[in-house]
Amino acid sequence: MTTEHTRLAAALRELRARAGLSLAALAERTPYSKSSWERYLNGKSLPPRQAVRELCGLANEPDGRLLALWEIAESHWSRRAVAPAPAPPTDESLRDLTQEPPPPDGPRRPRLGRSRLLVVLAAAYTVVVGGVAALLFLLLPDSETGKAEPLPASVPFSFAPLCHGAACEGQDPMRLICGVGPDTLASYRTATGAHVELRHSVKCGASWARTWATEIGDRVDVTAGGPTHDVRIANKDDAATFVYTEMTEAHPGTTVRACFRPASVDADPECFSARVGEPTTTAAPSSPR
């Protein structure tokens, strides 16, 4: 379990305690079962984004900070996060770097002394780790960090999206930073118990579908009147977490359509749609294409 996932689970447990709700009470007041909440709160599985919002609402807690932490945790959970910061240099590695072979005969070049080399390496490591620490600091709950402050200009991290509109077509929403703070256009629960959401990023001008509680072989596709992008549940790891389609360009007023296609050849596709800019809905199925 990643650091972000651990922090998210701890924050959710704190919210549940603050709201004074048992697991049974959470199951009664949300769409998620008692056993599901037990897994979410203990960090055994990553909760759906909507579950985080539901618990924040029950605890009268603004959801912005926890949703930002959830987005980062989800990107790690789905193995789409960027590579972690390098491990700190060890004494042995520093010793290897400072033990240079004797110079050949001829003009001698100035050598970097051991103390100077240690200072240079330590400074470089501090810059890398300091940037990651600054990002995590912003995501900590208020009870742990106090008032959050903006990142200094020197920190090379940003939540700014990396594409917009047509440039997002067919791209991964997490890798291009469109999955931070998206809107949910519609949510739908299938006949097999799987959940599907239509999501939209205003900053990216694009939409996509995500699904969970699926079975191996299930497939979800999404379109906004242009290309269709789909994702298939390929293995048990996919079935145990969230998977999402690539993005499709979508702007205010655009109708976005998703179809859930179960693994069973005897089952019919279940499709639903939503319009960008309208309130979030719990969708009813429409006629499959």
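For the structure given in this document, a descriptive report is provided here. Keep in mind that what you see is a predicted model, and the values were worked out from it rather than measured.

1. Some thoughts on the pattern of salt bridges
Enumeration over the complete set of coordinates arrives at nine salt bridges. Notably, a salt bridge pairs Glu38 with Lys44, separated by 2.9 Å at the nearest N-O pair. Judged by relative accessible area, which is 54%, Lys44 ranks as exposed. With a closest N to O distance of 3.2 Å, Asp230 and Arg219 form a salt bridge. One end of the pair, Asp230, is in strand β5 (residues 229-232); the other, Arg219, is in strand β4 (residues 219-223), with eleven residues separating them in the sequence. Classification of Asp230 as partly exposed rests on a relative accessible area of 40%. Residue class for Arg219 comes out partly exposed when judged on its relative accessible area of 29%.

2. Thoughts on the side chain of His229
Tracing the backbone shows His229 in strand β5. In this structure His229 comes out as buried when scored by relative accessible area, which is 9%. Side-chain polar atoms of His229 contact the side chain of Glu169, separated by 2.6 Å. A distance of 3.3 Å separates a polar atom in the side chain of His229 from the backbone oxygen of Met247.

3. Observations concerning the packing of aromatic side chains
Counted by the stated rule, this structure contains four aromatic pairs. Ring plane angle 90° and centroid distance 6.1 Å describe the contact between Tyr32 and Trp37, whose orientation is recorded as edge-to-face. Ring centres 5.1 Å apart and planes at 25° place the aromatic pair Tyr188 and Phe272 in the stacked group. Residue Tyr188 is found in strand β1 (residues 183-189), and its partner Phe272 is found in strand β9 (residues 270-275); the two are separated by 84 residues along the sequence. Summarising the burial analysis for this pair, Tyr188 and Phe272 share the class buried. Taken together, the aromatic side chains of Tyr32, Trp37 and Tyr40 make up a single cluster linked through ring pairs.

4. Side note on the environment of Met247
Within the secondary structure, Met247 is located in the loop between β6 (243-244) and β7 (248-249). The sequence separation of Met247 and Ala167 amounts to 80 residues, and the corresponding C-alpha distance is 9.8 Å.

5. Observations concerning the state of the cysteines
On inspection of all chains with the given rule, the structure shows three disulfides. Sulfur-sulfur distance for the disulfide between Cys178 and Cys204 comes to 2.0 Å. Where Cys178 bonds to Cys204 through sulfur, the torsion about that S-S bond is close to -95°, and the disulfide is left-handed. With Cys178 in the loop between α8 (142-145) and β1 and Cys204 in the loop between β2 (195-201) and β3 (206-212), this pair connects stretches of sequence that are 26 residues apart. Each sulfur of the disulfide joining Cys259 and Cys271 lies 2.0 Å from the other. Disulfide Cys259-Cys271: torsion about the S-S bond near 110°, hence right-handed. On the criterion of sequence distance, the pair formed by Cys259 in strand β8 (residues 255-261) and Cys271 in strand β9 is long-range, its members being twelve residues apart.

6. Considering the packing of helix α1 (residues 3-19) against helix α5 (residues 64-77)
Running from N to C, α1 and α5 cross one another at 140°; their axes reach a closest spacing of 8 Å. Relative to α5, the element α1 lies oblique. Between α1 and α5 the crossing geometry is left-handed. On α5, the residues that touch Glu4, His5, Arg7, Leu8, Ala11 and Leu15 of α1 are Leu66, Leu69, Trp70, Ile72, Ala73, His76 and Trp77. Its residues assigned to classes, the contact of α1 with α5 shows nine nonpolar, two polar and two charged.

7. Description of the environment of Trp212
Tracing the chain through its elements places Trp212 in strand β3. As a C-alpha pair, Trp212 and Phe242 span 30 residues in sequence and 4.8 Å in three-dimensional space. The residues contacting Trp212, other than those within four sequence positions of it, are Pro48, Ala194, His195, Glu197, Thr241 and Phe242.

The rules behind each value
Residues numbered from 1 in each chain as written. Predicted model: local features only at pLDDT ≥ 70, side-chain atom pairs only at ≥ 80, totals over all residues. Heavy atoms only, no water. Salt bridge = Lys/Arg side-chain N within 4 Å of Asp/Glu carboxyl O. Buried < 20%, exposed > 50% of the residue type's maximum accessible area, 1.4 Å probe, protein only. Helix = DSSP H or I, 4+ residues; strand = E, 2+ residues; numbered from the N terminus. Polar contact = N/O pair within 3.5 Å; in protein donor to acceptor, adjacent residues only side chain to side chain. Phe/Tyr/Trp six-rings, centres within 6.5 Å; stacked < 30°, edge-to-face > 60°. Disulfide = S-S within 2.5 Å. Axes fitted to C-alpha atoms, helices over the stretch in contact; angles between N-to-C directions. Parallel < 35°, antiparallel > 145°, perpendicular 65-115°, else oblique. Left-handed = near helix turned anticlockwise from the far one by under 90°. Contact = heavy atoms within 4.5 Å. Nonpolar A, V, L, I, M, F, W, Y, C, P; charged D, E, K, R; others polar.

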